[in-house]
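Chains, contacts and geometry: an overview
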Amino acid sequence: MHRYTPLVYSVIRSHDLTGADAADVNQTVWLRLVEQLGRLRDPEALAGWLAVTTRRECYRMTRLGRRTRPVDPSDDALEGYHGSWANVAAPDEDLLRAERRQALRESFAQLPPRCQELLALLTADPPLSYRQIADRLGVPVGSIGPTQARCLRRLRDCPALAPYLVPGRSASSKAGERDGAVAAGR
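Residues numbered from 1 in each chain as written. Predicted model: local features only at pLDDT ≥ 70, side-chain atom pairs only at ≥ 80, totals over all residues. Heavy atoms only, no water.

We count it as follows: UniProt positions are given in the numbering used here, feature names are shortened, and annotations may be inferred rather than shown by experiment.
An unreviewed UniProt entry lists the chain under the name RNA polymerase sigma factor, from Micromonospora gifhornensis. Under the UniProt heading Sequence similarities (unreviewed entry), the entry covering the chain gives this text: "Belongs to the sigma-70 factor family. ECF subfamily."

What follows is the structure in structure tokens.
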């Protein structure tokens, strides 16, 4: 063991393993030697056998390391580990969110100016009352809800938003279902 430990560690270092991973590979290699000692026929081949076994254990450790990260459950680092990743959005999520916002902007720009104005007033911050919106637009208060529904239906039916909506559930298909239910007496 004293004679071949430098050989084992040189192979381990060539695979860039350090710390606990290097120690695990070293122990596993010597355990494999003890397990296979009865099968070794040529003592001069021991150095080659140790090098090959160490290389295989390094590959195994590298593959294993890509899938798992050891964490000591008694250490407070576990809470920090989960907490640090819990609030981080994946790059794909950020990109999808940005694409949705852009599609919504493009669809909103395609609406008639009256719809744009109404929807902008309805989503104003701080929120406006229906009375204030009716006064600004010069329309009756009772027409705001139905006009909003028509504007939102137009918005949902814009082609730019189609990839982000549930298939087959556009505003016009919902209206058709509702009209069909009314006609059927439901």
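Back to the write-up after that little detour.
A closer look at the overall build of the chain
As a reminder, the rule being used: The secondary structure listing takes helices from DSSP runs of H or I that are at least 4 residues long and strands from runs of E that are at least 2 residues long, numbered from the N terminus. Only protein chains enter the accessibility calculation, which uses a 1.4 Å probe. A residue is then buried if its area is under 20% of the maximum for its type, exposed if over 50%, and partly exposed in between. Only heavy atoms matter for contacts: two residues are in contact if any of them lie within 4.5 Å across the pair. For every accessible area listed, the method is Shrake-Rupley and the probe measures 1.4 Å; residues are considered covered only by the protein chains on display.
Per the secondary structure count, the chain includes 9 helices and 0 strands. Counted from the first residue to the last, the chain has its helices and strands arranged as α-α-α-α-α-α-α-α-α. Of all 186 residues assigned to the chain, the portion counted as buried reaches 20%. Taking the contacts inside the chain whose residues are at least 6 apart along the sequence as the reference set, 52% of them involve residues at least 24 apart. About 13500 Å² of surface is accessible on the chain, with carbon and sulfur atoms providing 55% of the total.

Comments concerning the side chain of Thr 53
Positionally, Thr 53 belongs in helix 3 (residues 46-67). On the accessibility criterion, Thr 53 (11% relative accessible area) is buried. Those residues in contact with Thr 53, other than ones at most four positions away along the chain, are Val 29 and Arg 32.

Here's the deal with the state of the cysteines
Two cysteines, two sulfur atoms, one covalent bond between them: this is a disulfide. So the rule is basically this: Counting rule for disulfides: a pair of cysteine sulfur atoms within 2.5 Å.
Counted according to the given criterion, the structure contains 1 disulfide. Across the disulfide from Cys 115 sits Cys 151; the S-S distance is 2.2 Å. For the disulfide bridge between Cys 115 and Cys 151, the dihedral angle about the S-S bond is near -75 degrees, and by the sign convention the bridge is left-handed. With a gap of 36 residues between them, Cys 115 in helix 6 (residues 113-122) and Cys 151 in helix 8 (residues 144-156) connect regions that are remote in the sequence. Since its relative accessible area comes to 8%, Cys 115 is described here as buried. Judged by relative accessible area, Cys 151 falls into the buried class, the value being 1%. In this model Cys 158 remains outside any disulfide bridge; the closest cysteine sulfur is found in Cys 115, 9.9 Å from its own.

Some details on the packing of helix 1 (residues 5-14) against helix 2 (residues 19-36)
Going by this rule: Under this scheme, a helix contributes an axis fitted over its contacting stretch, all axes are lines through C-alpha atoms, and angles between N-to-C directions fall in the 0 to 180 degree range. Oblique is the label for any angle not covered by the other classes, which are roughly parallel (under 35 degrees), roughly antiparallel (over 145) and roughly perpendicular (65 to 115). By definition, any crossing whose near helix is turned counterclockwise from its far helix by less than a right angle is left-handed, and any crossing with a clockwise turn is right-handed. Gly falls in the polar group here, along with every residue not listed as nonpolar (Ala, Val, Leu, Ile, Met, Phe, Trp, Tyr, Cys, Pro) or charged (Asp, Glu, Lys, Arg).
Where helix 1 meets helix 2, the axes come as close as 10 Å, and the angle between the chain directions of the two elements is 135 degrees. The pairing of helix 1 with helix 2 is recorded here as oblique in orientation. The handedness of the crossing between helix 1 and helix 2 is right-handed. Judged by residue contacts, Thr 5, Val 8, Tyr 9 and Ile 12 of helix 1 engage Ala 22, Ala 23, Val 25, Asn 26, Val 29 and Trp 30 from helix 2. Here the contact of helix 1 with helix 2 is composed, by residue class, of 8 nonpolar, 2 polar and no charged.

Points about unusual backbone geometry
A cis amide bond, omega 5 degrees, links Asp 125 with the succeeding residue Pro 126. Following the sequence through the fold, Pro 126 ends up in the loop between helix 6 and helix 7 (130-137). Residue Asp 16 is not a glycine yet carries a positive backbone phi of 60 degrees. Relative to the assigned elements, Asp 16 resides in the loop between helix 1 and helix 2. For Asp 16, a relative accessible area of 66% translates into the label exposed.

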